[in-house]
Amino acid sequence: MEIKALIDMAGERYNIHSQLEHLQSKYIGTGHADTTKHEWMTNQHRDTYGSILGHFDLLNYMAISENESKARVKFNLVEKMLQPCGPPPEKPED
Amino acid sequence: MLVLEWSLEEAGVMSGTALTRTPHGGQPSLSAMHLYNLTLQRATGITHAIHGNFSGSKLQEIVVSRGKILEILRPDPNTGKVITLLSVEVFGIIRSLMAFRLTGGAKDYIVMGSDSGRIVILEYIPSKNVFEKVHQETYGKSGCRRIVPGQYLAIDPKGRAVMIGAVEKQKLVYILNRDAQARLTISSPLEAHKSNTLVYHLVGVDVGFENPMFACLEMDYEEADSDPTGAGAQNTKQTLTFYELDLGLNHVVRKYSEPLDEHANFLITVPGGNDGPSGVLICSENYITYKNLGEQPDIRCPIPRRRNDLDDPERGMIFVCSAAHKTKSMFFFLAQTEQGDIFKITLEIDEDMVTEIKLKYFDTVPVATSMCVLKTGFLFVGSEFGNHYLYQIAHLGDDDDEPEFSSAMPLEEGDTFFFAPRVLRNLVLVDEMDSLSPITSCQVADLANEDTPQLYMLCGRGPRSSMRVLRHGLEVSEMAVSELPGNPNAVWTVKRRADDEFDSYIIVSFVNATLVLSIGETVEEVTDSGFLGTTPTLSCSTLGEDALVQIYPDGIRHIRADKRVNEWKAPGKRSIFRCAVNQRQVVIALTGGELVYFEMDPTGQLNEYTDRREMPADVVSMSLGSVPTGEQRSRFLAVGLADNTVRIISLDPSDCLSPLSMQALPALPESLCIAEMGASEDTQQGTIYLNIGLENGVLLRTVLDPVTGDLADTRTRYLGSRPVKLFRIKMQGGEAVLAMSSRSWMSYYFQNRFHLTPLSYEILEYAAGFSSEQCPEGVVAISTNTLRILAMEKLGAIFNQMSFNLEYTPKKFAVHSETGHLLIIETDHNAYTEETKSQRRIQMAEEMKDAAGPDEQELAQEMADAFLHEDLPDSNFGAPKAGPGMWASIVRIMDPVEGKTYFFYRFPQNEAAMSLAYVKFATQGEFQHFVLVGVAKDLQLAPRTAGQNYIYTFKINADCTELDFIHKTVVEEVPYAMCPFQGKVLVGVGKTLRLYDYGKKKLLKKSENKHLPNLIVHIVTSGARIYVSDVQESVHFIKFRRSDNQLIVFADETNPRWVTTSCVLDYDTVAVADKFGNVAVLRLPPNTSDNVDEDPSGTKALWDRGLLSGASNKLEVLCNFHVGEIVLSLQKSTLIPGGNESLVYTTLSGSIGILVPFTSHEDHDFFQHLEMHMRSENTPLSGRDHLSFRSYYFPVRNVIDGDLCEQFNSMDPAKQRSIGEDLDRTPNEVAKKLEDIRTHFAF
């Protein structure tokens, strides 16, 4: 019995793992155990900019506060999505 | 203590679900707040505009998106006036819009990309005046997500495929085709994804009939993400990628990708196939580049800059939008820069190769989001903010002295061309469409003392901003006013021939005479018309083909075309008392109540019907409907009698003059009018309505059954204090009714809805329709001794507005209570003050002189002088952009009734006015009033840092025409919010709430609380309670304990809300609006406020660790609703005299709406069911689920969407019936309910 349960668990874990991988490839920004703070932040910022681009009144709001044309604000937002939180930190050598 | 009670238990009708408390800590009573959302005026800003032949006729229409509203407009090719054909709320966010046409088709379809995760193809059906969903294909999750397509749309110019793209990664291609029945078909999607890739823009490339191709501006961020040195991001290039749809293989391939030198923001398709060289124009910062596949070398031309521009020299220049025009022989593009300058772009082509790009300065118009060039030679400009325009393109700028810039002209790298902006030369303004967007602040008040309150709002941005005063009413334009020799009683217009387009005569009746005026170039008196001039006239009309009829007290005069006159004399001593007449029939009532009926026979003879009919009481009023086309007569006569009844009498030959039906009335029927309304352009029959104007000022509108003559479904509306007189006029091809009481009203059917709107005009006494060449659909009216010709052009508009210009973006205003003057602060980022601007000009003029050589001195001097005296208004040409961190602000005193500015105080450069309070300090006596302005110096927007911050104190003089600067107080953070409070002032200094009192040298700090989370953005008060809104942490309830001089936070909320504004509804309840377009009502749970008030030391609340790391009490959410546009003002007020209170909100996109409480359970129940049925039977056009849209950020709670419910009126009659059956009501009863709740609170 015990052995069977173990195998089941392993199978399930494997299954969850593959499901996660599927999610991670399908939905950008799905986290994993090794997500760094920088990755998470970058992803949050990109999501936010993407959302502002889509919501017309948030775009209006930004355009008014910055006193720039809406086209310029849109352009700047996509530009900022390249690297919204600066370059990634050095990866520690394993 | 001031206690404002808004909850419903006061009305004593709602009881049930949730708990609320009565003021003063009494027993909690059972109640919940249920609100009904109604839009009074829809959003006016435009986010997208496309043009095409959407109705399938020769005329071109424009389809615009106003954020969540889809609207179809038609510019009249003759007059140039833009008419709205249809406007539909789609309950989703329209993110992209495209028109397309299948090869060989004559009708354009609309593709819409929205936040629904679905692609929707719509068709406009002109006969029903609706948008019909042809296809709706689901591809992803809903919401504006970065990898779900919807943001971009591209169409193959031959209409064979559409690509829909997301901001990142995903792109889908759908193939469009026809089936055997020539219906549009859509394929399953083909993927063209590329991960880690951002998309700037997407267009279809015109490749003729080869495989459809799409061009895409992309940027791959993968490398930048993995390079810790930052060099990866520096070196990331934008690429232009072509995607080809292989129609044979049913597959999309990434055909070709090329890195670009500079980052571009959008693409323009160049005509291909037989019409041009194909390829794309890439609009990037400072440059425009032509690119195509194959041998074609890149052609690149700098974007010309304004000569001697005051802009920040570091700034680049981009194009913001473009429009293309193509005929068989040529094509050109109009592209607009950020400054509003339009360039005409043409391409030189040599053997299918582009050799040169030519740019020519065309004209300058306000910066647009979209432009459309129509085939009729109009340019439609949908402005970013403020009013929209329609221009006539008078010249193409082909042969003038304006210099043409070309890519072939040699220039050094980094150099550019210069041009001089000037007033319009090629464009002529033909129509202006009002837009309130953005509304930054609004207050409802009756400052002009007019009984009905006005809406005062701050609108617009930068130099195009304005203070607007909105009044309920239809704008009336006065075409002509002429004085008459006496006071006339009545006026009519007649045509000489029935098929004439315009009216020929105006007939004016006096007490003892009749005046006939002929309409031509001028309006002048004539005597040869055949009308009897020596008697007053009762009525007149065109009769049959070409005859006229005049009814006067002693008889009827029938004037034939050849001026033969037939007279019918009234018998004996009786005279004609009342009459009704139409194109073929005349009915008169003789004194004593006898009816005599005449009808025209086929020979044109007017024959009396053999019988007469005695009425049971005196006839007070009569009306005949128009003769329906193709019929001999109108079958019904409506007669109003002195016994307070109205009777319908048949005129059918089989039962002529027999009574059909009767309705009892509450008062004497002063006037009657039968009108057919609700007919659409085509064959569709309208409904016949009998309008009854009562002596007591009430208007009744009743449906007249076209078969039986029964009267049903009566709607009532009080119009004014005087008896109501009614007149039938023509409006937009249909019939409308003018009703005159102490105010004039117009009742008309427009866009599937009845409108009953007062005219914003002085009292009128009598009116008739009027049609001439200058004024095809007007009204001629009399008022005392004048004759006026009026036109009502802005049908459908509920408000009529007055607009007064301001200088910078207005932020906030306060009303000076004694004089009604407004104190306004205006602040612009990225701007120069007047002083800096003139300094910069002088400096540049000096540089010009210095740069010139010794022999050019004179010329340089001349140029410098010309430059200094150049005066191009900022409102058209845009204010110079000074760069980030540069601010300009003023505080102004304005009289909103006259629009006069009494005074302004200009703050020095880089001081930004952020908040304003109008304060009466208790220590300074009752008669000294102050205005406080919170100012940030050298403020940077992101991240927010400020050099220094002040509170300016000004003293207002007694008649509020001047401000006297007293002192400024330094504070350590930006003062974003201020509010007067118990003779002192509360200031939100960053995240500190502080109480200040007046001091001689500066304001004196009295008390403070540092426990607010981030940044205080709004403060409102009620009694000793203070409601403070945080920039992202919702509302905090604060109690001021005077005895201990403490500000104690005793309640907050668990939901994050990025509050923009708030409003106190009652002592325990506030309404808040947030940056994501939500409105919520929050209330303190029962019994809590007592604890705070009674806690003797206050220490418990002060030192309490609180709940969930916040205050000890949590607010309950009573209502939640997603408006869909950012709400920037909330106010509790009554909009109509005698009406109930409602919560009025205005949004950034320019809409005005109200939330109203239900007054009975029955109503609430009814609307809840109606909403439920509407959700399932009337799914939104965007493909978004209505419930999930209204629950965008928070689940919708206790708010019923009236905008959805009102779409009931535009549904298919069969569906209306089926919903009606489920609700146990007829469709008319449902419509009446909808109308009632609207008129109860607003208009």
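Relevant structure appears above.
Residues numbered from 1 in each chain as written. Chains lettered and ligands numbered in written order. Predicted model: local features only at pLDDT ≥ 70, side-chain atom pairs only at ≥ 80, totals over all residues. Heavy atoms only, no water.

Engineer: Honestly, the overall build of chain A in this entry has me stumped. Any pointers?
Structural biologist: The helix and strand inventory of chain A stands at four helices and zero strands. Secondary structure of chain A in N-to-C order comes out as α-α-α-α. Burial statistics for chain A: of 94 residues in total, 36% are counted as buried. Considering only residue pairs separated by 6 or more positions, chain A has 50% of its internal contacts joining residues 24 or more positions apart. For chain A, the accessible area works out to roughly 6000 Å², and carbon and sulfur atoms hold 58% of it. (Helix = DSSP H or I, 4+ residues; strand = E, 2+ residues; numbered from the N terminus. Buried < 20%, exposed > 50% of the residue type's maximum accessible area, 1.4 Å probe, protein only. Contact = heavy atoms within 4.5 Å. Areas by Shrake-Rupley, 256 points an atom, 1.4 Å probe, with all protein chains shown as cover.)

Engineer: Looking at this structure, I do not really get the overall build of chain B. What am I missing?
Structural biologist: Of the regular secondary structure elements, chain B holds 12 helices and 93 strands. The C-alpha atoms of chain B give a radius of gyration of 34 Å, which matches the 33 Å a tight globule of 1243 residues would have. Along the longest, intermediate and shortest principal axes, the C-alpha atoms of chain B span 110 × 90 × 70 Å. When burial is assessed residue by residue, chain B has 61% of its 1243 residues classed as buried. Surface accessibility of chain B: about 47900 Å² in total, with carbon and sulfur atoms responsible for 48%. Here chain B contributes 117 positively and 163 negatively charged side chains, and the mean placements of these two sets differ by 4 Å. (Rg over C-alpha atoms; globule rule 2.2 N^0.38 Å. Lys, Arg positive; Asp, Glu negative; His and termini not counted. Charge placed at Lys NZ, Arg CZ, Asp CG, Glu CD.)

Engineer: Teacher, can you tell me more about the side chain of Asn1078 of chain B here?
Structural biologist: Residues and elements named next belong to chain B. Tracing the sequence through the fold places Asn1078 in strand E87 (residues 1078-1083). You can call Asn1078 buried: its relative accessible area is 3%. At 3.0 Å, the side chain of Asn1078 and the side chain of Asp1074 are in polar contact. At 3.0 Å, the side chain of Asn1078 and the side chain of His1122 are in polar contact. (Polar contact = N/O pair within 3.5 Å; in protein donor to acceptor, adjacent residues only side chain to side chain.)

Engineer: How should I be thinking about a negative patch on the surface in this particular structure?
Structural biologist: All names here are of chain B. Where like charges cluster on the molecular surface, the negative patch consists of Glu1177, Glu1221, Asp1222 and Asp1224. Inspection of the secondary structure assignment puts Asp1222 in helix H11 (residues 1213-1222). Given the relative accessible area of 53%, Asp1222 is considered exposed. (Patch = residues over 30% accessible without salt bridge, like charges linked within 9 Å, V, L, I, M, F, W, Y side chains within 5 Å. Salt bridge = Lys/Arg side-chain N within 4 Å of Asp/Glu carboxyl O.)

Engineer: Is there a simple way to explain the nonpolar core in this structure?
Structural biologist: Inside soluble globular proteins, nonpolar side chains tend to come together where they are buried. All names here are of chain B. Within the largest apolar cluster, 53 residues are counted, with the highest numbers of intra-cluster contacts made by Leu240 and Val280. Setting aside anything within four residues of it in sequence, one finds Leu240 in contact with Ala215, Cys216, Leu217, Tyr256, Ser257, Glu258, Leu260, Leu267, Val280, Ile282 and Lys291. Core analysis: the next-biggest nonpolar cluster, separate from the first, contains 47 residues, Leu484, Val491, Ala791 and Leu795 among them. (Core = buried A, V, L, I, M, F, W, Y, C linked by side-chain atoms within 4.5 Å.)

Engineer: I tried to follow the sheet that holds strand E86 (residues 1069-1074) of chain B on my own but got confused; where do I start?
Structural biologist: Strand-to-strand pairing in sheets goes through backbone hydrogen bonds, with the strands running parallel or antiparallel. Residues and elements named next belong to chain B. Overall, antiparallel pairing links the four strands, which are arranged E85-E86-E87-E89 in an open sheet. Each of the sheet's edge strands pairs with one partner strand only, and the pair in question is strand E85 (1059-1066) and strand E89 (1116-1122). Going from strand to strand, the sheet's axes swing by 20° on average, the running direction of each strand aside. (Pairing = 2+ DSSP bridges. Axes fitted to C-alpha atoms, helices over the stretch in contact; angles between N-to-C directions.)

Engineer: Hey, could you run me through the interface of chain B and chain A in this one?
Structural biologist: It is common to give the size of an interface as the accessible area lost on bringing the parts into contact. Contact residues are listed per partner, giving 63 residues for chain B and 38 residues for chain A. Each partner contributes to the roughly 4300 Å² buried at the junction of chain B and chain A, and carbon and sulfur atoms together form 60% of this total. Looking only at chain B, the three residues that lose the most surface to chain A are Arg146, Pro228 and Arg461 of chain B, adding up to 15% of its buried area. At the boundary of chain B with chain A, the tally comes to five salt bridges. One salt bridge connects Arg146 of chain B with Asp47 of chain A, and the closest N-O pair in it is separated by 2.7 Å. Sorting the residues of the side of chain B that touches chain A by element identifies strand E17 (197-205), strand E18 (213-220), helix H1 (222-225), strand E21 (264-269) and strand E70 (822-829) of chain B as the ones contributing at least two each. Top contributing element to the side of chain B that touches chain A by residue count: E17 of chain B, with three residues. Of the residues belonging to the side of chain B that touches chain A, the class tally is 29 nonpolar, 16 polar and 18 charged. (Buried area = accessible area lost by both parts, 1.4 Å probe. Nonpolar A, V, L, I, M, F, W, Y, C, P; charged D, E, K, R; others polar.)

Engineer: Just to check I follow, could you spell out the pattern of salt bridges for this structure?
Structural biologist: Between side chains of opposite charge, a pair can form when the charged atoms approach closely. All names here are of chain B. On inspection of all chains with the given rule, the structure shows 78 salt bridges over all chains. In this structure, Asp156 and Arg160 form a salt bridge, with 2.8 Å as the shortest nitrogen-oxygen distance. Summarising the burial analysis for this pair, Asp156 and Arg160 share the class buried. Measuring nitrogen to oxygen at the nearest pair gives 3.9 Å for the salt bridge that ties Lys937 to Asp938. Take Lys937: its relative accessible area is 26%, and that puts it in the partly exposed class.

Engineer: Help me understand helix H3 (residues 834-851) of chain B, please; the structure alone is not making it clear to me.
Structural biologist: Owing to its 3.6 residues per turn, the α-helix aligns residues three or four sequence positions apart on the same side. Residues and elements named next belong to chain B. Over its 18 residues, H3 runs 26 Å from end to end, which matches the ideal 26 Å to within 8%, given 1.5 Å per residue. What H3 keeps buried is the set Thr836, Lys837, Arg840, Arg841, Met844, Ala845, Met848 and Lys849. Residues of H3 that are buried make contact with helix H4 (857-869) and helix H5 (874-877). (Expected span 1.5 Å × (residues − 1).)

Engineer: I tried to follow H11 of chain B on my own but got confused; where do I start?
Structural biologist: Residue and element names in this part refer to chain B. Listing the buried residues of H11 in full gives Gln1216, Ile1219 and Gly1220. Buried positions in H11, seen along its axis, are confined to an arc of 105° and lie on one side of it. Across from the buried face of H11, at angles greater than 90 degrees, the exposed residues are Glu1221 and Asp1222. Turning to H11, the residues buried within the fold contact helix H8 (1161-1177) and helix H12 (1227-1241). Taken from the residues just after H11, Asp1224 is the one with a positive phi, measuring 60°. (Arc of directions from axis to C-beta.)

Engineer: Is there a simple way to think about the environment of Arg564 of chain B in this case?
Structural biologist: Residue and element names in this part refer to chain B. Mapping Arg564 onto the fold places it in the loop between strand E46 (555-559) and strand E47 (565-569). Arg564 sits in the partly exposed class, given a relative accessible area of 46%. Residues Arg564 and Ala547, 17 residues apart in the sequence, show an inter-C-alpha distance of 9.6 Å. Apart from the residues lying within four places of it in its own chain, the contact partners of Arg564 are His558 and Ile559.

Engineer: In this structure, what is going on with the packing of aromatic side chains? I would like to understand it.
Structural biologist: Each aromatic ring pair is described using two quantities: the centre-to-centre distance and the angle formed by the ring planes. Residues and elements named next belong to chain B. Following the criterion strictly, the structure yields 43 aromatic pairs over all chains and no others. Ring centres of Tyr1192 and Tyr1193 lie 5.2 Å apart, and the angle between their planes is 20°; this geometry places the pair in the stacked category. Exposure remark for Tyr1192: the relative accessible area of 16% places this residue in the buried category. It is Arg701 that lies over the ring of Phe754; its NZ or CZ is 3.7 Å from the centre. The aromatic ring of Phe867 is capped on one face by Arg841, whose charged end is 5.1 Å from the ring centroid. (Phe/Tyr/Trp six-rings, centres within 6.5 Å; stacked < 30°, edge-to-face > 60°. Lys NZ or Arg CZ within 6 Å of the ring centre and 35° of its normal.)

Engineer: Is there a simple way to think about unusual backbone geometry in this case?
Structural biologist: Of all residues except glycine, most have a negative phi; of all peptide bonds, most are trans. Residue and element names in this part refer to chain B. Residue Ser437 is joined to Pro438 through a cis peptide bond whose omega torsion reads -5°. Following the sequence through the fold, Pro438 ends up in the loop between strand E35 (427-433) and strand E36 (439-445). Of note, the bond from Ala942 into Pro943 is cis; its omega dihedral lies within 30 degrees of zero at -5°. Despite not being glycine, Asn644 shows a phi value in the positive range, around 60°. Residue position: Asn644 is located in the loop between strand E54 (636-641) and strand E55 (645-650). Asn644 sits in the partly exposed class, given a relative accessible area of 24%.

Any link to function would need more than the numbers given here.
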